[in-house]
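Commentary on secondary and tertiary structure
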Amino acid sequence: EAAAAAERAEAVVSSDPEVLADAEEALLAADETQLPDLKDDLETSLKDTISTISETERWSKENIPEKLDLSSYSEPLEGYRRRLVDGAGLDAVCLGDNGVGKSTLV
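This section reports on the structure supplied with the text. (Residues numbered from 1 in each chain as written. Predicted model: local features only at pLDDT ≥ 70, side-chain atom pairs only at ≥ 80, totals over all residues. Heavy atoms only, no water.)

**A few points about the overall build of the protein chain**
Within the protein chain, the secondary structure is distributed over four helices and zero strands. Each helix (α) and strand (β) of the protein chain, taken in turn from the N terminus, gives the series α-α-α-α. Counting every position in the protein chain, which comprises 106 residues, the buried fraction comes to 18%. Carbon and sulfur atoms form 51% of the exposed surface of the protein chain, whose accessible area is close to 8400 Å². (Helix = DSSP H or I, 4+ residues; strand = E, 2+ residues; numbered from the N terminus. Buried < 20%, exposed > 50% of the residue type's maximum accessible area, 1.4 Å probe, protein only. Areas by Shrake-Rupley, 256 points an atom, 1.4 Å probe, with all protein chains shown as cover.)

So this is what it looks like as structure tokens:
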């Protein structure tokens, strides 16, 4: 419903302040309904990745002579996840070198 209202709002051509205010409100409502889904999806992906890293460490402890220490990978991801969940803002930025998976996160 919010997406449909936003689509109609994007097509508004008017100089009437009330019409423009209604259109802006519809666009903002659509943005607010879409962002939590993205945050939830990103948090799930981060949790899954952290879990896979932990499982790999456990497996290495049981199956190879020298246990793998993958904390240099899991700790930053856990930090990102905490910031995502505990952060009060609606916006986020992903920074990093080429080929590190920024687009995969988004």
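Right, picking up where we left off after that structure.
**Quick look at the pattern of salt bridges**
Inspection of the entire model under this criterion finds four salt bridges. Its salt-bridge partner being Lys47, residue Glu43 comes within 3.8 Å of it at the nearest N-O pair. Of this pair, Glu43 and Lys47 both sit in helix H2 (residues 17–63), separated by four residues, roughly a single helical turn. Under the relative-accessibility criterion, Glu43 is labelled buried at 17%. Owing to a relative accessible area of 45%, Lys47 belongs among the partly exposed residues under this scheme. For the salt bridge of Glu43 with Arg81, the shortest nitrogen-to-oxygen distance reads 3.1 Å. One end of the pair, Glu43, is in helix H2; the other, Arg81, is in helix H3 (residues 71–86), and 38 residues separate them in sequence. Side by side, Glu43 and Arg81 carry an identical accessibility label, which is buried. (Salt bridge = Lys/Arg side-chain N within 4 Å of Asp/Glu carboxyl O.)

**Side note on the side chain of Glu57**
Tracing the sequence through the fold places Glu57 in helix H2. One buried charged residue, Glu57, forms no salt bridge at all, with the nearest opposite charge on Lys67 at 4.3 Å. Setting aside residues up to four positions removed in sequence, Glu57 forms contacts with Lys67, Leu68, Asp69, Leu70 and Ser71. (Lys, Arg positive; Asp, Glu negative; His and termini not counted. Contact = heavy atoms within 4.5 Å.)

**A closer look at the nonpolar core**
If you look at the biggest cluster of nonpolar residues, it comprises seven residues: Leu42, Leu46, Ile50, Ile53, Leu70, Leu77 and Leu84. Put simply, the parts of the chain that give this core at least two residues each are H2 and H3. Ranked by the residues each element gives to this core, the list is headed by H2, at four residues. With sequence-adjacent residues up to four places away left out, Ile50 is seen in contact with Ser74, Leu77 and Glu78. (Core = buried A, V, L, I, M, F, W, Y, C linked by side-chain atoms within 4.5 Å.)

**Observations regarding the environment of Ser74**
Looking at the secondary structure, you find Ser74 in helix H3. Judged by its relative accessible area of 13%, Ser74 is buried. With 21 residues separating them along the chain, Ser74 and Ile53 place their C-alpha atoms 6.6 Å apart. Beyond its immediate sequence surroundings of up to four residues, Ser74 is in contact with Ile50 and Ile53.

**Overview of the environment of Pro76**
With respect to the helices and strands, the residue Pro76 is situated in helix H3. We classify Pro76 as partly exposed; its relative accessible area is 35%.

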